[in-house]
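Topology and contacts: notes
So you can see what is in the structure, the chains are spelled out below.
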Amino acid sequence: MNRIDRLRALTPYEADFVQWCAEQGSLLREGRLSELDRENLAEEIESLGRRGQAGDP
């Protein structure tokens, strides 16, 4: 890890995944779509799909 990486503040996604998930769920339910962390949320949904497929016979 270089010095720049150490100085960079963690994103909410990196700092507390459980809290990030709760916040994203609330935003989605409330229809506040412009406030969603779209990139990380999309990656998590895609990851869930891949794990689901891996367990299928």
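Use the structure listed above.
Below or above, wherever it landed, is the structure these notes cover.

Criteria and cut-off values
Residues numbered from 1 in each chain as written. Predicted model: local features only at pLDDT ≥ 70, side-chain atom pairs only at ≥ 80, totals over all residues. Heavy atoms only, no water. Helix = DSSP H or I, 4+ residues; strand = E, 2+ residues; numbered from the N terminus. Expected span 1.5 Å × (residues − 1). Buried < 20%, exposed > 50% of the residue type's maximum accessible area, 1.4 Å probe, protein only. Arc of directions from axis to C-beta. Salt bridge = Lys/Arg side-chain N within 4 Å of Asp/Glu carboxyl O.

1. So, helix α3 (residues 17-29)
Look at α3: 18 Å from first C-alpha to last across 13 residues, which is about the 18 Å you get at 1.5 Å a residue. Where α3 is concerned, the buried positions are Trp20, Gln24, Gly25 and Leu27. Down the axis of α3, the sector holding all buried residues measures 165°, keeping them to one side. Residues of α3 that are exposed and angled more than 90 degrees away from the buried face: Val18 and Arg29. Count one or two residues on from α3 and you reach Gly31, which has phi positive near 75°.

2. Some words on the pattern of salt bridges
Tallying each qualifying case throughout the model produces three salt bridges. Where Arg8 meets Glu14, a salt bridge forms, and the shortest distance between an N and an O atom there is 3.2 Å. The shortest N-O distance in the salt bridge between Glu30 and Arg32 comes to 2.7 Å. Here the salt bridges share partners, and the residues they tie into one network are Glu30, Arg32 and Glu35.

Read these as layout, nothing more, since geometry by itself doesn't imply function.
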